[in-house]
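Fold and contact review
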Amino acid sequence: MKRNLFTRCLIGAPIGLSISYIITIIISVILDDGNFHPIVPQLANICGSEINAVAVQAVCSLLYGGVIAGASVIWEKDNWSILRQTLTHCIIISVTILPIAYLMHWMNHSVWGILSYFGIFFVIYFIIWIFQYYAIKKRIKAFNKRVQEDI
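Rules of the game
Residues numbered from 1 in each chain as written. Predicted model: local features only at pLDDT ≥ 70, side-chain atom pairs only at ≥ 80, totals over all residues. Heavy atoms only, no water. Helix = DSSP H or I, 4+ residues; strand = E, 2+ residues; numbered from the N terminus. Rg over C-alpha atoms; globule rule 2.2 N^0.38 Å. Buried < 20%, exposed > 50% of the residue type's maximum accessible area, 1.4 Å probe, protein only. Contact = heavy atoms within 4.5 Å. Areas by Shrake-Rupley, 256 points an atom, 1.4 Å probe, with all protein chains shown as cover. Polar contact = N/O pair within 3.5 Å; in protein donor to acceptor, adjacent residues only side chain to side chain. Axes fitted to C-alpha atoms, helices over the stretch in contact; angles between N-to-C directions. Parallel < 35°, antiparallel > 145°, perpendicular 65-115°, else oblique. Nonpolar A, V, L, I, M, F, W, Y, C, P; charged D, E, K, R; others polar. pLDDT = per-residue confidence, 0-100. Expected span 1.5 Å × (residues − 1). Salt bridge = Lys/Arg side-chain N within 4 Å of Asp/Glu carboxyl O. Core = buried A, V, L, I, M, F, W, Y, C linked by side-chain atoms within 4.5 Å.

This part is about the overall build of the protein. The number of helices and strands found in the protein is five helices and zero strands. The helix and strand sequence of the protein, counted from the amino end, reads α-α-α-α-α. Here the C-alpha radius of gyration of the protein, 19 Å, is well above what a compact globule of 151 residues would show, namely 15 Å. Counting only C-alpha atoms and orienting by the principal axes, one finds that the protein spans roughly 65 × 35 × 30 Å. A burial count over the protein gives 28% of its 151 residues as buried. A separation of at least 24 residues holds for 55% of the contacts in the protein among residues at least 6 apart in sequence. Looking at the protein as shown, the accessible area adds up to about 10600 Å², and 71% of this sits on carbon and sulfur atoms.

This part covers the side chain of Thr86. The residue Thr86 is located in helix H4 (residues 82–103) in this model. Its relative accessible area of 14% is what places Thr86 among the buried residues. Within the structure, the side chain of Thr86 is placed 2.8 Å from the side chain of Trp129, a separation counted as a polar contact. With near-sequence residues (within four places) excluded, Thr86 lies in contact with Trp75, Tyr125 and Trp129.

In a pair of packed helices, the angle between the axes and the distance between the axes together describe the arrangement. At a closest axis distance of 10 Å, the pairing of helix H3 (residues 50–70) and H4 adopts a crossing angle of 175°. Taken together, the axis directions place H3 and H4 in an arrangement best described as roughly antiparallel. For the pair H3 and H4, the contacting residues are Cys60, Leu63, Tyr64, Val67 and Ile68 in the first and His89, Ile92, Ile93, Thr96, Ile97 and Ile100 in the second. When its residues are assigned to classes, the contact of H3 with H4 shows nine nonpolar, two polar and no charged.

This part takes up the confidence of the model for the protein. Caution is warranted with low-pLDDT regions, since their predicted coordinates should not be read in detail. Per-residue confidence for the protein gives a mean pLDDT of 92; residues scoring 70 or more make up 100%. Averaged over each element, pLDDT in the protein is lowest for helix H5 (residues 111–150) (89) and highest for H3 (95).

To continue, consider H3. Relative to the 30 Å expected for 21 residues at 1.5 Å per residue, H3 spans 30 Å between its end C-alpha atoms, a close match to the ideal helical length. Turning to H3, its buried residues are Ala53, Gln57, Cys60, Ser61, Tyr64, Gly65, Gly66, Val67, Ala69 and Gly70.

We now examine the pattern of salt bridges. Evaluation of the coordinates by the stated rule reveals one salt bridge. Between Glu76 and Arg8 there is a salt bridge, with the nearest N and O atoms lying 2.1 Å from each other. With a gap of 68 residues between them, Glu76 in the loop between H3 and H4 and Arg8 in helix H1 (residues 2–31) connect regions that are remote in the sequence.

Moving on, we get to the nonpolar core. Within the largest apolar cluster, 18 residues are counted, with the highest numbers of intra-cluster contacts made by Ile97, Tyr117 and Phe121. Of all the secondary structure elements, the ones that give two or more residues to this core are helix H2 (41–47), H3, H4 and H5. The greatest single-element share of this core, amounting to six residues, is contributed by H4. Not counting chain neighbours up to four residues away, the residues in contact with Phe121 comprise Cys90, Ile93, Ser94 and Ile97.

Structural data, given as structure tokens:
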């Protein structure tokens, strides 16, 4: 389990960095001012320079991806109910990403900004969870059908 957790974190970290980088490209294309916007200006002010802010954001994106990937081992706890797995996974993910998003200024620094961020997070989490749930349910049904045919 620990080795599996470590492996997933190592795989997830560069994926988190890649996604973060892709998002900065998309934002820069949307802004359409001819410049690349790797970080929000507030982060550059806090870090003292743009390059420092990019480095801090890169480390946080690695952490972000590693935690999300590592937390997936929770789904392998067969002795836990789906409710316990879901709540534990959701709590670990949300408690990790909120401070990172806040420090990176990926959200507005206000009560409304935090609530909006959590709202968006939970909607996306729920949508992904529903798709995963039905995909797994479909695989289990197909597996059970094959077992019944073999009997």
